[in-house]
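An overview of the molecular structure
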Amino acid sequence: MPAEESAPQERAAFHRLPEAALDALTRGDGDREVVGQLMNAELSRRMLLLRALLDQTGGQASADAWALLEEVQRRAPEVVDDLLMAPGTGIWLSSALRRLRGQSPEDAPAWVTAGHLSAVAAAAATRAGVGFTATVPVRRGYVHLPTVGCAALPAAAEWSTAQVTGRAGDLTLSGYRGETVIAARGERRSAEWLPTRRLTVGPPGRELVLALEESDPYRTYLGTSPPRVLSEAEAAQWQAYVGEAWSILLRDEPVAAEAMRRGLLSITPVGPRERFRPYSSSAGDAFGGMNVSLPDGASHFAATLVHEFQHIKLGALLHLYPLLRPAGPADGEGPELFHAPWRDDPRPLEGLLQGIYAFFGVARFWRAHRHAVDPADAPVAHFEYVFWRDEVRSTLEGVRGHERLTPLGSRLIAGLGERCAEWAADDVPAHVSRLAEESASDHRARWREYHLRPPAGAVAEAARAWYRGALRPPSALAAEPSMVPDPAVGFLDTAAVLARHSLSKGDGAWTDTAAGVRGAQAADVLLAGGNRTAAEHALRARLRDEHVPIGTWAVLGRALEDDPAHLAASRLLRRFPERARALYDALRATGAPSADPVELADWLGADVAAN
């Protein structure tokens, strides 16, 4: 912590991971020791960021806060380390430095952002039992001391200050009119004082201890947030969720669980989401933290923890080594974008690698867990495994050998690919495999229908060919389409969500819940129930409507899949639905009578190879 200058001849020390650690991480793993090495590097990075912030802000308040942190470090260095490694501290540091460059979306005044250093120092002193007095920011009536707690104080304005005094771990916080909050050792909850909740789950020696964040303004990553206080019943619910998921991980993913024991530091609860569409997020600047929604069940919650911890590991690795070379000069068309099976929007290569790494971990989890679940839950577990295994494998193949990959990036792609190849022969029930394959194909087709556009000239030529009764569409229509990201895209995972519903209730009762699946048309539900003929009729009628939902052509391709009379149409619509959408829209724009959708798709599919 002391700002001592190095001698000019000394070379800066850099963190390097041992070869064994790199090998584990590039194969999607990383045990407790590897995570500890990543955390050491992250701690050094945080210290550098903190020093950079102090150098650029200055002022007496910053100097006083720095001096208090130095005092705490001399007495209890582990406390300072813990404060610096708190996920919210990482987000604050990066946000504050970006703000100095005019790149932060935070709405608080600059002095409030910089003044958070005083709150960090006060929190460290409180935890170490060091006496102090400090002036800290008040954000819309709240004073937050990271990892310690949050006080509610009346404020004269949106942004103000309060005085905090600590003696032997007891806190006194005084507002602008002399209002006082006293927190005895920061542990008792009241309307004015909310200590940071901590969860402890698991047996002795294998317990997981983490913060359940309700009030840290930097806990939600995308911007500062006011406190969201859990009721005691909600807190107990989260305790139960984490405990159940942790028991599963200890049994089925023991190496990953030990890594999480070292590196999972906090969870920020998020409100419930639609079943089988949970929300979770993490950030490279918030090592050890994650935002998660109320889970569908213990198994899926365990998978979510694995998913986000994979992101956390990769984010730390990227702070040490680049996996990609910088993109070349912009050519006016923006960055290269890819289909990601786990996203609705096209993704840059950086984001695609993150998703590959995270969902590799998800597949690894379900591979082990599917053999330990109750028989009633086995179909969904098998589905999750084969779906994510195959999606990760196909995405890996799509980026293998990419010119932007560094040697370490290529090593990571190869390592994950080898693991997926090892799993290729795993036994999975045939009907589950088919559902997973159909769901994956459906997502890719809908994605293309939303985001890809055939050449406009080729579409016009195809329209003329259709009107004159040509036997085949022009070859120009098969040219590489342009990517035009559609901001209105949504719910491309509908087939997979419906598949999970159907597998979770094999008696047919799942159709009662299908109406709640956002983005699902009637035809989607019919297909999930195996009624392709009825789905085809519904889609033919829908395509004659004035407003046709995007994705309908892709779904029609699936409905026709088993119809021998329309195999060409099915192939075309499952692989290149954007051609049918563009041509159909062009024909309708002329005001002529609408073409029969299936006849049009048959015509377009005449030159699409069966393989």
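Structural data are supplied above this passage.
Reference entry: report on the structure contained in this document. (Residues numbered from 1 in each chain as written. Predicted model: local features only at pLDDT ≥ 70, side-chain atom pairs only at ≥ 80, totals over all residues. Heavy atoms only, no water.)

Considering the overall build of the chain
Here is the rule: Strands are runs of DSSP state E lasting at least two residues, helices are runs of H or I lasting at least four, and both sets are numbered from the N terminus onward. Partly exposed residues are those whose accessible area sits between 20% and 50% of the maximum for their type, while under 20% is buried and over 50% is exposed, using a 1.4 Å probe and protein chains only. Note on definitions: a residue-residue contact is assigned when non-hydrogen atoms from the two residues lie within 4.5 Å. Exposure was quantified through the Shrake-Rupley algorithm and a 1.4 Å probe, taking into account, for residues, occlusion by the shown protein chains and nothing else. Positive residues here are Lys and Arg, negative ones are Asp and Glu, while His and the chain termini are left out of the count. Taken as the charge centre is NZ of Lys, CZ of Arg, CG of Asp or CD of Glu, depending on the residue.
Within the chain one finds 22 helices and 16 strands. Referenced to the eigenvectors of the C-alpha coordinate spread, the extents of the chain come out at roughly 85 × 55 × 55 Å. Per-residue burial for the chain yields a buried fraction of 54% across its 611 residues. Considering only residue pairs separated by 6 or more positions, the chain has 70% of its internal contacts joining residues 24 or more positions apart. Working note: accessible area of the chain is about 26,300 Å², and carbon and sulfur atoms make up 52% of it. Here the chain contributes 66 positively and 77 negatively charged side chains, and the mean placements of these two sets differ by 1 Å.

So, the pairing of strand β2 (residues 142-145)
Taken residue by residue, a regular strand's side chains alternate between the two faces of the sheet. Test applied: In this analysis, strands are considered paired if DSSP registers two or more bridges between them.
Relative to strand β3 (residues 149-152), β2 runs antiparallel, the two sharing four bridges. Looking across to β3, one finds that Val143 is bridged to Ala151. A loop of three residues connects β2 with β3, the two strands running antiparallel in sequence, and Thr147 in this loop sits at a positive phi of about 70 degrees.

Considerations on the packing of helix α2 (residues 32-57) against helix α4 (residues 77-85)
Inclusion rule: Interaxial angle, 0 to 180 degrees, is taken between N-to-C directions of lines fitted to C-alpha atoms, where a helix line uses only the stretch in contact. An angle counts as roughly parallel when it lies under 35 degrees, as roughly antiparallel when it exceeds 145, as roughly perpendicular when it falls between 65 and 115, and as oblique in every other case. Residue type decides the class: Asp, Glu, Lys and Arg count as charged, Ala, Val, Leu, Ile, Met, Phe, Trp, Tyr, Cys and Pro as nonpolar, and the leftover types, Gly among them, as polar.
Taken N-terminus to C-terminus, the directions of α2 and α4 make an angle of 85 degrees; their axes are 9 Å apart at the nearest point. In this view, α2 runs roughly perpendicular relative to α4, as classed from their interaxial angle. From α2, Met39, Glu42, Leu43, Arg46, Met47 and Leu50 reach across to α4, where they touch Asp81, Leu84 and Met85. Along the lines of polarity and charge, the residues of the contact of α2 with α4 split into six nonpolar, no polar and three charged.

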